[in-house]
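Each chain is listed here by its residues.
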Amino acid sequence: MTSSYNEREVLALLLDESTQKQGFEMIVARYSEQLYWQIRRMVLSHEDANDLLQNTFIKAWINIDYFRAEAKLSTWLYRIALNECLTFLNKRQALSTVSLDDAEADALRKLESDPYFSGDKAEMTLQKALLTLPEKQRMVFNLKYYQEMKYEEMSEIFGTSVGALKASYHHAVKKIERFISEAD
């Protein structure tokens, strides 16, 4: 196993049943951290993010034979992770009998008391602002701002036009700016 990651080599390993496990281990090693942080920014809780990351890789492993390399592996994994997040958030919202404001307050309490959160006051304010965004805007903002993902790649993940994603990002930025200016 080489220390550098080459997607073509990994794809070749995945196609051969005798090396499929090795190829998948390389995928996990390569993408675990960035997927964890993307998930974490959506669900906030370290424990929930870890669970969803595991679910993402389990689903990827179960469906690896269906991956056709029409998109990059990272795009495919992000799509699985985002679907896991949406499913989780929708279930949590459906189970919640409290109002949306109470759910947001609960998420803020979790964030503020999270021992794994090491952000400063500015980062905490940004995270609070992100909680006020609709889920899709929050996902688009996170992918663009934190992952510096190109709109074209996001378009493959969301199945949405580049123009719609740019508009979504723009609206998210405006809402965040408004939240931060009101917080001062």
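Note that the structure is predicted; figures quoted are calculated from it, not measured.

Draft legend 1. The overall build of the protein chain, seen in detail. A count of helices and strands for the protein chain gives nine helices and zero strands. In sequence order, the secondary structure elements of the protein chain are arranged as α-α-α-α-α-α-α-α-α. Here the protein chain holds 184 residues, and 41% of them are scored as buried. The long-range share in the protein chain, meaning contacts at least 24 apart out of those at least 6 apart in sequence, stands at 60%.

Draft legend 2. Fine view of the environment of Met-42. Relative to the helices and strands, Met-42 is located in helix H2 (residues 20-43). For Met-42, a relative accessible area of 1% gives the class buried. Sequence-wise, Met-42 and Met-139 are 97 residues apart; in three dimensions their C-alpha atoms are separated by 7.0 Å.

Draft legend 3. Broad picture of the packing of helix H7 (residues 135-145) against helix H9 (residues 162-183). For the pair H7 and H9, the least separation of the axes is 9 Å and the interaxial angle reads 95°. Between H7 and H9, the interaxial angle falls into the category roughly perpendicular. Mapping the contact onto sequence places Lys-136, Gln-137, Val-140, Phe-141, Lys-144 and Tyr-145 in H7 and Leu-165, Ser-168, Tyr-169, His-171, Ala-172, Val-173, Lys-175 and Ile-176 in H9. Its residues placed into classes, the contact of H7 with H9 shows eight nonpolar, three polar and three charged.

Draft legend 4. Expanded view of helix H8 (residues 151-158). In terms of burial, H8 is largely enclosed, as six of its eight residues are buried. Buried residues of H8: Tyr-151, Glu-153, Met-154, Ser-155, Ile-157 and Phe-158, and no others. One or two positions beyond H8, positive phi appears at Gly-159, with a value near 65°.

Draft legend 5. Inspection of the pattern of salt bridges at higher detail. Going through the model one piece at a time under the given rule, you end up with four salt bridges. Between Glu-84 and Lys-59 there is a salt bridge, and its shortest N-O distance comes to 2.5 Å. Here the residue Glu-84 occupies a position in helix H4 (residues 73-95), and Lys-59 occupies one in helix H3 (residues 46-62), the gap between them amounting to 25 residues. Under the relative-accessibility criterion, Lys-59 is labelled partly exposed at 40%. For the salt bridge of Lys-72 with Glu-153, the shortest nitrogen-to-oxygen distance reads 3.6 Å. Taken together, the residues span a long stretch of sequence, with Lys-72 in the loop between H3 and H4 and Glu-153 in helix H8 at a distance of 81 residues. By relative accessible area, Lys-72 is classed as partly exposed at 45%.

Rules and cut-offs
- Residues numbered from 1 in each chain as written.
- Predicted model: local features only at pLDDT ≥ 70, side-chain atom pairs only at ≥ 80, totals over all residues.
- Heavy atoms only, no water.
- Helix = DSSP H or I, 4+ residues; strand = E, 2+ residues; numbered from the N terminus.
- Buried < 20%, exposed > 50% of the residue type's maximum accessible area, 1.4 Å probe, protein only.
- Contact = heavy atoms within 4.5 Å.
- Axes fitted to C-alpha atoms, helices over the stretch in contact; angles between N-to-C directions.
- Parallel < 35°, antiparallel > 145°, perpendicular 65-115°, else oblique.
- Nonpolar A, V, L, I, M, F, W, Y, C, P; charged D, E, K, R; others polar.
- Salt bridge = Lys/Arg side-chain N within 4 Å of Asp/Glu carboxyl O.

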